[in-house]
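# Results of the structural survey
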Amino acid sequence: MDASLAKTDFDAYLDGIKTFTRDTLRPNEHRLNDADGVPEEIVEKLRAYGLFGMAIPEEYGGLGLTMEQQVLVTMAVTEASACYRSRFSTTLGLSSQSILWNGTEDQRRKYLPKLATGELTGAFALTEEQAGSDAGGVQTSARLDADAYVLNGSKRYITNANFADLFVVMARTSDTEKGAAGLSAFIVEKDTPGMICGAPDPKMGQDGAPIAEMRFEDCRVPVDNLMGHVEGTGFRNAMSGINTARTHVAATCVGQAARLIEEALDYAVKREQFGHPIADFQSIQNMLADSRAEMKAARALVLDTARRFTQNPDSELRADISCAKYFATEMVSRVADRAVQILGGAGYMKAHDVERLYRDIRVFRIFEGASQVQQMIIARHMIGEEAGRAA
Ligand SMILES: Cc1cc2nc3c(=O)[nH]c(=O)nc-3n(C[C@H](O)[C@H](O)[C@H](O)COP(=O)(O)OP(=O)(O)OC[C@H]3O[C@@H](n4cnc5c(N)ncnc54)[C@H](O)[C@@H]3O)c2cc1C
């Protein structure tokens, strides 16, 4: 399939992605764990299908899909291991969108075409030991010295850091501006002296989607690589990518839930106890039905949010993006838990995909804003609306 089909006949393109997921991604899932990464010949296919550049406009070499189309593609791809999505998501969501919405035209022309084709893998480096949910707490510093900013500090949990070619890095350019206002974003190319990446960290799930620590030791980044050539816009940068990323994570949870339900149903109709398939028992049916209903509710919510998506959402849409991310990530946790329960002992065994999927999906409630952060955004919007009505 040629990626250009996405523009001429999106439904046929989506069918092609579904076939690719069924025939290539799913049968190769077992290889991800062994390699702690996606095999290169499959990455080539992700590139060929345009997945790295789904959210990048055509004028910069991407597919320029609408958010609704991006979400439909994401749901299809994530019926296979979420590690495949992780391979292109850091390019697609956080790093390319930061450059697209906040970079100078020269920065866009220089980097976006190569990110769109997947020739370059992007990564996004925000999180630090003291700056997790509180992103404004970033301590990595960037001091202007002649023709370069000198970065010092460390980052952790950075997805794809061990092989990424280009990093969007948040660092503090001002000590007087406290919190988010003092942050700036930098485009840092791989092999820049002073940028050191650690070995992949062991983690609970998503073996095949590596994360690592990074250190910056007097790392000189050319002034030209200050995002948008403007200091103090780092937080705005982070937010412009995060709206896309949160919507994509919500869609991922729908795809993963569909897969878990398929696995649980397949097992329930085949496994017999007390002389019957366990699918005949009402308590098993209840779990299947609850999972299907919740998955469909999340799918509808994510699609509705995607249809209304704009890059700079007002507070109502931002709260709705949080609703989608919050509901879908919590939903897939319940679905995964039920899937393990339906499989009984088999669901606890490494031999079955459900055991791996159960571990893989746990992180969705933590990254791109933990559930508690989404609740905070939603509730603050509600309280703000109420205050507006009262005034
Ligand atoms: C697999 C993985 C991949 C990641 N990839 C990246 C990446 O590519 N780039 C990157 O920059 N980061 C990445 N992260 C980091 C991720 O975004 C953070 O882990 C996340 O933002 C939470 O931060 P924290 O881990 O420091 O937890 P903390 O912020 O310490 O939170 C701990 C707990 O406290 C809660 N909490 C915090 N503040 C509040 C509050 N105000 N009210 C109520 N509850 C609160 C949280 O919800 C959570 O339950 C990744 C993390 C993981 C696990």
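In this report, we go over the structure that sits alongside the text.

Our next topic: the nonpolar core. The biggest cluster of nonpolar side chains holds 73 residues, and the ones touching the most others in it are Tyr-13, Leu-51, Val-73 and Val-302. Among the elements of the structure, helix H2 (10-25), helix H4 (40-48), helix H5 (67-77), helix H6 (82-102), helix H8 (234-270), helix H9 (282-307), helix H10 (315-343) and helix H12 (353-360) are those that each provide at least two residues to this core. Among all residues touching Val-73, those that are not within four sequence positions of it are Phe-10, Tyr-13, Leu-14, Ile-17, Leu-51, Met-54 and Leu-65. Core analysis: the next-biggest nonpolar cluster, separate from the first, contains 25 residues, Leu-94, Val-168, Leu-183 and Met-227 among them.

On to the environment of Tyr-111. One can find Tyr-111 in helix H7 (residues 105-117). The contact partners of Tyr-111, leaving out residues within four places of it in the chain, are Ile-99, Leu-120, Leu-166, Ile-187, Glu-189 and Asn-225. A polar contact of 2.6 Å, which involves the side chain of Tyr-111, links it to the side chain of Glu-189.

Here we take up the side chain of Arg-172. Along the chain, Arg-172 turns up in strand S4 (residues 166-172). Asp-175 provides the closest opposite charge to the buried, salt-bridge-free Arg-172, at an N-O distance of 5.5 Å. Beyond its immediate sequence surroundings of up to four residues, Arg-172 is in contact with Gly-136, Gly-137, Val-138, Thr-140, Ser-141, Ala-142, Arg-143, Glu-177, Lys-178, Gly-179, Gly-182 and Leu-183.

In this section: the pattern of salt bridges. Enumeration over the complete set of coordinates arrives at 31 salt bridges. For Asp-147, the salt bridge is made with Arg-220, and the minimal N-O distance between the two is 3.3 Å. Of this pair, Asp-147 sits in the loop between strand S2 (141-145) and strand S3 (148-159) while Arg-220 sits in strand S7 (residues 211-222), and the two are 73 residues apart along the sequence. Close ionic contact of Arg-308 with Asp-304 constitutes a salt bridge, the shortest N to O distance being 3.3 Å. Residue class for Arg-308 comes out partly exposed when judged on its relative accessible area of 34%. Given the relative accessible area of 34%, Asp-304 is considered partly exposed. Bridged by salt links that share partners, the residues Glu-29, Arg-259, Glu-263, Asp-353 and Arg-356 form one connected network.

With 7 of 7 residues buried, S4 lies mostly within the body of the structure. Of the two faces of S4, both are covered, the one formed by Leu-166, Val-168, Met-170 and Arg-172 as well as the one formed by Phe-167, Val-169 and Ala-171. Where strand S1 (residues 122-125) meets S4, 4 bridges bridge the pair, whose relative direction is parallel. Within S4, the position partnered with Phe-124 by the bridge is Val-168. Here S4 pairs with strand S5 (residues 183-189) via 7 bridges, running antiparallel. Across the sheet, residue Val-168 finds its bridge partner in S5, namely Ile-187.

What counts, and at which threshold
- Residues numbered from 1 in each chain as written.
- Predicted model: local features only at pLDDT ≥ 70, side-chain atom pairs only at ≥ 80, totals over all residues.
- Heavy atoms only, no water.
- Core = buried A, V, L, I, M, F, W, Y, C linked by side-chain atoms within 4.5 Å.
- Buried < 20%, exposed > 50% of the residue type's maximum accessible area, 1.4 Å probe, protein only.
- Helix = DSSP H or I, 4+ residues; strand = E, 2+ residues; numbered from the N terminus.
- Contact = heavy atoms within 4.5 Å.
- Polar contact = N/O pair within 3.5 Å; in protein donor to acceptor, adjacent residues only side chain to side chain.
- Lys, Arg positive; Asp, Glu negative; His and termini not counted.
- Salt bridge = Lys/Arg side-chain N within 4 Å of Asp/Glu carboxyl O.
- Pairing = 2+ DSSP bridges.

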